[in-house]
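This is what each chain is made of:
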Amino acid sequence: MTSRAIPATEPSQPAIPADLSRGQLLEIYRYLRLTRTLEERLTALYRQSKVIGGLFRSLGQEGESVASAYALERGRHRDILSPLIRNLGSLLVMGAKPVEILRQYMAKADGPTRGRDTNVHFNDLELGYLGQISHLGDMFPVMAGITLTFKMRGEPRVGLVYIGDGGTSTGTFHEGLNFAAVQRCPLVVIGEYNHWAYSTPAEKQFGVKDLAEKAKGYGIPAVTVDGNDVFAVYAASKHAVERARRGKGVHFIEVKTYRRKGHAEHDDQHYVPPGELERWARENDPIDRYVKQLLRSEWVKEGDLAEIDASVGEEVDRATDVCADERLPEPASALPGVYADPPAADTLWFRRV
Amino acid sequence: MTSRAIPATEPSQPAIPADLSRGQLLEIYRYLRLTRTLEERLTALYRQSKVIGGLFRSLGQEGESVASAYALERGRHRDILSPLIRNLGSLLVMGAKPVEILRQYMAKADGPTRGRDTNVHFNDLELGYLGQISHLGDMFPVMAGITLTFKMRGEPRVGLVYIGDGGTSTGTFHEGLNFAAVQRCPLVVIGEYNHWAYSTPAEKQFGVKDLAEKAKGYGIPAVTVDGNDVFAVYAASKHAVERARRGKGVHFIEVKTYRRKGHAEHDDQHYVPPGELERWARENDPIDRYVKQLLRSEWVKEGDLAEIDASVGEEVDRATDVCADERLPEPASALPGVYADPPAADTLWFRRV
Amino acid sequence: MAEITFLEALRQGLWEEMERDERVFILGEDVGIYGGAFKVTEGFVKRFGEARVIDTPISEAAIVGAAAGAAHMGMRPVAEMQFIDFISCAYDMLTNYVATARYRAGLSTPIVVRGPCGGYVRGGPFHSQNPEAAFFHTPGLKIVYPATARDAKGLIKSAIRDDDPVLYLEHKWLYRRIKEQLPEGEEVLTPIGEARLAREGKDLSIVTYGATVWKALEAAEALQQQDGVSVEILDLRTLLPLDDAAIMRTVKQTNKVLIVHEDTRTGGVAGEIAARINEQAFEWLDGPIMRVTAHDVPLPYAPTLEDYVLPQTDDIVKAARWLAAY
Amino acid sequence: MAEITFLEALRQGLWEEMERDERVFILGEDVGIYGGAFKVTEGFVKRFGEARVIDTPISEAAIVGAAAGAAHMGMRPVAEMQFIDFISCAYDMLTNYVATARYRAGLSTPIVVRGPCGGYVRGGPFHSQNPEAAFFHTPGLKIVYPATARDAKGLIKSAIRDDDPVLYLEHKWLYRRIKEQLPEGEEVLTPIGEARLAREGKDLSIVTYGATVWKALEAAEALQQQDGVSVEILDLRTLLPLDDAAIMRTVKQTNKVLIVHEDTRTGGVAGEIAARINEQAFEWLDGPIMRVTAHDVPLPYAPTLEDYVLPQTDDIVKAARWLAAY
Ligand SMILES: Cc1ncc(C[n+]2csc(CCOP(=O)(O)OP(=O)(O)O)c2C)c(N)n1
Ligand SMILES: Cc1ncc(C[n+]2csc(CCOP(=O)(O)OP(=O)(O)O)c2C)c(N)n1
Ligand SMILES: [Mg+2]
Ligand SMILES: [Mg+2]
């Protein structure tokens, strides 16, 4: 998107993988940091009881979210993705604003759903993101229909949809993926093997070792990548997205990662084997690994990253300040918009007596 | 079941495959012939408008139905299968009686569902068959639960469930099969690749060539066999059933076959490429092939088969005679049995004024 | 001016909309070369091509969900359920995803889901259902249920043009039984949300829809001749949103009302109508609002049983006679 | 005699049945080591083992279908929906397979499907649903919906022992809010199909169930004190089959009836109740049967919006006052 003009590397450095430019490396870093910082802010707000409803963290999964979304063409009326609760990073990449996320989690009147649907369930189809509904799997048929439309109209656009290891057990995942495969829709699937579905380990969710094996039943290619390696996820996604754009149909990418927080903030994770969380945090944090790669290869300088950290911190502070004390929606604003016509539901009689 | 005592083959003949005895060969032949003859009778009754509702033929698929069911342990409280509309042969093997089928198709008061549910939607759980409901795929979760119970109780029993090439596109197929795979239920799946789902060819139903590929997404073994080769289907089923009985979990068998009649009798099959039906009829009829094998290997004599043909003809005649003129159910018999308690639905007021 | 069947009228409506608006496309099981189980889309694939008449896998949730996705992108999909009974497999998709899309997320989802419903045809428990009650409870959906050939055409056209998701229920007993002269070249558009006065009368009102409109008309004729009772009949046509004004108008006209539907009784649409009449026209009632419906059992297929379970013309006659005498 | 919560009462009931009858087992998402999203089955896997407390894949249709299969084999499965909103994914299985099994095929299917329902907790459109209307229309199912801790226990035990499939709805707003003293050692069994008189009164009846029983009780207290109006409250407890006798008894006692439910209005259970009262007690009515329900919109999660959409104590007070003065 940006910085194509800046030469990707200095002659003495190793080449940046996947045709990424230095500017893009920093932009990716910015999204990673923004995701984590924003979620940390949300956690603080949650503890202050300012978040309405559950809070779902993507700690440890920021890498795959950001890197996969980053492979799309972004801008108005370009590619479209459908994120899950743990794909805050993908949303940010597509252009969702921190203040929107904050408003949404705090049910503010000016939030994207004006207090109607929870957490990251919101969308901007022009910018290219379609919020999920809670019912897992349901976005597969819907994204099949969106990408079918791209194909019908001959538009060179691609869709991308996420599914958790647990979510692959749903009937709608199966029906939607099969439909898209048969229709050769330009759709990329990111299967997130993060070891848990709430408290249920993957072994109790399905009988295969890799999610990628599930692709075989649909006649679509699949690849398994290290989900905490930003470059690997980006490269695989880029490949799949381009393939889809060339009319080659659905592509499945499994990202192996780990959900380091509970299902939601209230979950104490007592079911997790001891040491496992610590090990992933210590050895396999996607941002740490990314930073190490950037610095080791001298693609960027520590100062560049520190600058981004500071600017992200400021951005999140500013966004919080803007909306923390905003009002909740007016009660009667609950009624309009169920239908295009009639424009609003009736106020029931007992509210008028 | 029967004839174990009779030596399987004369010394000069090739060995009968799959440990079958001569008596069993004849028994299988009897079920094949009975299936076809009974369906031909049903067609005649359909043309006379005596069948209520649609008539679904299994012409060309009798072999896989009979041979797969024949691999089960039959008798009271033994194995259980769940047939589809085109598995009349399986039902007969499990002990359903021609007169029951006739009564059922003619909605007779003394039919197994007493005029309530259509065609082969009926069951005898003691004998080991559980009729489907129309909604394709739904029997997968149910059979998962039945076989889960076998496992929970440590009973050495096995379940078998059929699915059409089209039916594998349903969400319930996916959910039920995955559930059974994870729980390692003693369940055998027969996937019937008969080229059509109503008018829709398999290529529009899924993106894989073989149904067996679908098993890979569930971590269960699969095999593809010639569905019109009775011995092949029997051997594969026997293997899978025994494996399941030994606690090794779900097994998927794809039978390649062909639906030679329309979806139901009213379907004129104009969508079938010219010559295809004729080719399958001429070259690949499962009964013809079976008979040829029996005779060529001299395991049985033509006279044995002719005798069976005659007795089957008589049996179907007799069954028809018994029930053709039987009464339909009493109108008010529509009310009992919605619940265990209350015992019957109310007669509505306007029937009493 | 040719006489055409209900089915042909529906077919014409679909065809005209496909001709008029290239955003309209059809998806469903066997809708292409086969033309649908009841031949509603016969000839469509030849005229409009496989890209606009899509044979799908057996996946009702995917059919409805894909229609929704396409609708978000500006298309006007018409999804066929081979029998409406199979819409139960898309219940979640339709009630949770589709119906709430505009409200929760500002998404426009102008889809039509249509399919053959209803009994009186020996179809048994899974090929005879009336699914309206299951969806009637869902804010965000519209439900239409034509009884005449004109409305079959007029409502499919209005449904396709409507900006909200519409469930279009077509009674298979009416498909070839009902015939009507429809002027060629006339644009037939039945407004969604408006009931139709199917017969004027003054002693008693029957509020109904679908196949039982015709049974009610027969009953009214019998009552007129045998009892001199004058029955007014309101054909609802749209179930969601209900045309309260038309319902109250007829109640205030006759002061007695019989609600008739083919669907089972408990939890059926008649309950809601009874409640609304009670709330909005209680003082006008000269007798209890009564219901004639199916018995509360899954629908059996034996003719003797089906006839017993479903409401018949004679039942309506007896019920109306009782109410008229109240 | 300890005071226990609604949730603990439910838990005890489940536990006692598991102890009593080894055919009883639990299946659902995260019901094992996690003890269920709301901890209803906490400790169960430790006591009863993984074979009787089964963590399933995220597959509601498979959960309900597998329960049905096990029930055919003589087991007594209790299937948990993590939130009852997800039962929509098993709609086909429950309405078409399970509910019809006895009728069409003579199959015994004694399953219980249970899960947290209801709003007032800022759960939004997909974690607050009241699904009763979707299933109320299904002959063959039973639906119970306890409002008290005693009935939470008594109904789960009765549901497990019942020979028919039962949908057990547990309101999550009541889980920890409602406490009651339940005698230890006493076998608490609430009969299915019997309503409970929650408060005696003579001027007006409120017929309700679930969380709104408590709102109605508050309203009744206010009306008594502020207006001297004496309100009788019927807690239905079982929605299917409805206790017509109890409903008619209270109507004939007070001659005015307000039906209150948390669910949306159109197509909600109140419609059916209104129709039945009309049919069975029309002459006893001194005023229209009125309904207090949620507004007809998907439930938003912002507190201001949720409070506006759902019926509140104050709404009941105002509605009852209006009706009392009729
Ligand atoms: C159809 C459906 N059933 C149940 C739930 C409740 N639920 C919400 S998240 C979750 C676990 C999801 O696990 P997974 O798909 O692996 O995603 P992750 O949380 O690991 O990102 C469950 C069971 C749901 N949202 N949808
Ligand atoms: C869920 C569902 N959707 C649609 C149908 C309508 N239908 C009945 S049979 C059939 C085709 C089935 O094809 P297949 O599974 O291949 O079985 P076959 O008829 O070839 O034996 C269809 C679409 C159905 N029974 N269930
Ligand atoms: Mg997961
Ligand atoms: Mg087939």
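From a predicted model like this one, the values you see are computed outputs, not experimental measurements.

**Overview of the overall build of chain C**
Step number 1: When helices and strands are tallied, chain C shows 12 helices and 14 strands.
Step number 2: The C-alpha atoms of chain C give a radius of gyration of 19 Å, which matches the 20 Å a tight globule of 326 residues would have.
Step number 3: Overall, the C-alpha framework of chain C stretches about 60 × 45 × 40 Å when taken along its three principal axes.
Step number 4: Expressed as a percentage of the 326 residues in chain C, the buried residues total 76%.
Step number 5: Once local pairs closer than 6 in sequence are excluded, the contacts in chain C between residues at least 24 apart make up 82%.
Step number 6: Accessible area of chain C: about 8,400 Å², with a carbon and sulfur share of 47%.

**With respect to the site of ligand 1**
Step number 1: Taken together, 19 residues surround ligand 1, and among them Arg86, Asp165, Asn194 and Trp196 of chain A together with Glu60 of chain D come closest.
Step number 2: Site remark: ligand 1 is flanked by residues from chains A and D.
Step number 3: Ser134 of chain A places a main-chain nitrogen or oxygen 2.8 Å from a nitrogen atom of ligand 1.
Step number 4: Gly166 of chain A has a polar backbone atom sitting 2.9 Å from an oxygen atom of ligand 1.
Step number 5: In the complex, the protein chains occlude 95% of the 580 Å² of accessible area that ligand 1 would expose alone.

**With respect to the nonpolar core**
Step number 1: Tyr97, Leu236 and Ile277 of chain C together with Tyr97, Leu236 and Ile277 of chain D are the most contacted members of the largest nonpolar core, which totals 289 residues.
Step number 2: The contact partners of Leu236 of chain C, leaving out residues within four places of it in the chain, are Glu194, Ala195, Val207, Thr208, Tyr209, Leu242, Ile247 and Ile273 of chain C.

**A word on the site of ligand 2**
Step number 1: The environment of ligand 2 is formed by 19 residues, the closest being Arg86, Asp165, Asn194 and Trp196 of chain B together with Glu60 of chain C.
Step number 2: Residues close to ligand 2 are split across chains B and C.
Step number 3: In this structure, an oxygen atom belonging to ligand 2 sits 2.6 Å away from a side-chain N or O atom of Arg86 of chain B.
Step number 4: The backbone of Gly167 of chain B places a nitrogen or oxygen atom 2.8 Å from an oxygen atom of ligand 2.
Step number 5: Compared with its free state, where it exposes 580 Å², ligand 2 has 94% of that area covered by protein.
Step number 6: In terms of residue class, the shell around ligand 2 is built from 7 nonpolar, 8 polar and 4 charged.

**So, the interface of chain A and chain C**
Step number 1: Counting residues at the interface gives 34 residues for chain A, matched by 36 residues for chain C.
Step number 2: Counting the surface lost from both chain A and chain C, the interface buries some 3,000 Å², and carbon and sulfur atoms represent 67% of this.
Step number 3: Considering only the surface of chain A that becomes buried against chain C, Glu175, Phe179 and Tyr339 of chain A emerge as the three largest contributors, covering 20% of it.
Step number 4: Counting across the chain A and chain C interface gives 0 salt bridges.
Step number 5: Linking chain A to chain C there are 13 residue pairs in polar contact (both at pLDDT 80 or more).
Step number 6: Here the element with the most residues in the side of chain A that touches chain C is helix H5 (residues 139–153) of chain A; it accounts for 10 residues.
Step number 7: Grouping the constituent residues of the side of chain A that touches chain C by class yields 18 nonpolar, 10 polar and 6 charged.

**Overview of the interface of chain A and chain D**
Step number 1: At the interface, 47 residues of chain A touch 49 residues of chain D.
Step number 2: Each partner contributes to the roughly 3,800 Å² buried at the junction of chain A and chain D, and carbon and sulfur atoms together form 65% of this total.
Step number 3: The three residues of chain A that bury the most area against chain D are His135, Trp349 and Arg351 of chain A, which together make up 19% of that side's buried surface.
Step number 4: Between the two partners, chain A and chain D, sit 3 salt bridges.

**Comments concerning a nonpolar patch on the surface**
Step number 1: Together, Val353 of chain A together with Trp322 and Tyr326 of chain D give the surface a local cluster of nonpolar side chains, amounting to about 260 Å² of exposed area.
Step number 2: Take Trp322 of chain D: it is sitting in helix H12 (residues 313–324).
Step number 3: Assessed through its relative accessible area of 33%, Trp322 of chain D is described here as partly exposed.

**Section: the confidence of the model for chain A**
Step number 1: The pLDDT averaged across chain A works out to 96; a share of 97% of its residues lies at or above 70.
Step number 2: Across residues 1–5 of chain A, where pLDDT falls below 50, the model places 11 contacts with residues more than four positions away in sequence or in other chains.

**Let's talk about the sheet that holds strand S6 (residues 142–144) of chain D**
Residues and elements named next belong to chain D.
Step number 1: Sheet architecture is open: 7 strands sit in the order S3-S2-S4-S5-S7-S6-S12, paired in mixed fashion. Each having just a single partner strand, strand S3 (53–55) and strand S12 (238–240) make up the two edges of the open sheet. If you compare each strand with its neighbour and ignore which way they point, the axes differ by 20° on average.
Step number 2: Both strand S2 (residues 24–28) and S3 contribute to a ladder of 3 bridges, which runs parallel. Bridge pairing in S3 links Leu27 to Ile54.
Step number 3: Each of S2, strand S4 (76–80), strand S5 (112–117), S6 and strand S7 (166–171) touches helix H7 (residues 149–161); the most contacted strand, S7, lies at about 165° to it.

**A few points about the side chain of His171 of chain D**
Residues and elements named next belong to chain D.
Step number 1: The topology assignment puts His171 in strand S7.
Step number 2: Of the polar contacts made by the side chain of His171, one reaches the backbone nitrogen of Trp173; its length is 3.0 Å.
Step number 3: For His171, the contacting residues outside a window of four places in its chain are Phe6, Cys117, Gly118, Gly119, Tyr120, Tyr145, Ala211 and Glu262.

**Some remarks on the packing of aromatic side chains**
Step number 1: Enumeration according to the criterion identifies 51 aromatic pairs over all chains in this entry.
Step number 2: With a centroid separation of 5.3 Å and an interplanar angle of 70°, the aromatic rings of Phe38 of chain C and Phe83 of chain C are classed as edge-to-face. Placement of the pair is Phe38 of chain C in the loop between strand S2 (24–28) and helix H2 (44–48) and Phe83 of chain C in the loop between strand S4 (76–80) and helix H4 (91–98), with a sequence separation of 45 residues.
Step number 3: Note on Phe83 of chain C: relative accessible area 15%, which makes it buried.
Step number 4: Judged by centre distance (5.0 Å) and plane angle (65°), the rings of Trp15 of chain D and Phe48 of chain D are edge-to-face. Of this pair, Trp15 of chain D sits in helix H1 (residues 6–20) while Phe48 of chain D sits in helix H2 (residues 44–48), placing them 33 residues apart in sequence.

Each value, and the rule that gives it
Residues numbered from 1 in each chain as written. Chains lettered and ligands numbered in written order. Predicted model: local features only at pLDDT ≥ 70, side-chain atom pairs only at ≥ 80, totals over all residues. Heavy atoms only, no water. Helix = DSSP H or I, 4+ residues; strand = E, 2+ residues; numbered from the N terminus. Rg over C-alpha atoms; globule rule 2.2 N^0.38 Å. Buried < 20%, exposed > 50% of the residue type's maximum accessible area, 1.4 Å probe, protein only. Contact = heavy atoms within 4.5 Å. Areas by Shrake-Rupley, 256 points an atom, 1.4 Å probe, with all protein chains shown as cover. Near = heavy atom within 4 Å. Polar contact = N/O pair within 3.5 Å; in protein donor to acceptor, adjacent residues only side chain to side chain. Core = buried A, V, L, I, M, F, W, Y, C linked by side-chain atoms within 4.5 Å. Nonpolar A, V, L, I, M, F, W, Y, C, P; charged D, E, K, R; others polar. Buried area = accessible area lost by both parts, 1.4 Å probe. Salt bridge = Lys/Arg side-chain N within 4 Å of Asp/Glu carboxyl O. Patch = residues over 30% accessible without salt bridge, like charges linked within 9 Å, V, L, I, M, F, W, Y side chains within 5 Å. pLDDT = per-residue confidence, 0-100. Pairing = 2+ DSSP bridges. Axes fitted to C-alpha atoms, helices over the stretch in contact; angles between N-to-C directions. Phe/Tyr/Trp six-rings, centres within 6.5 Å; stacked < 30°, edge-to-face > 60°.

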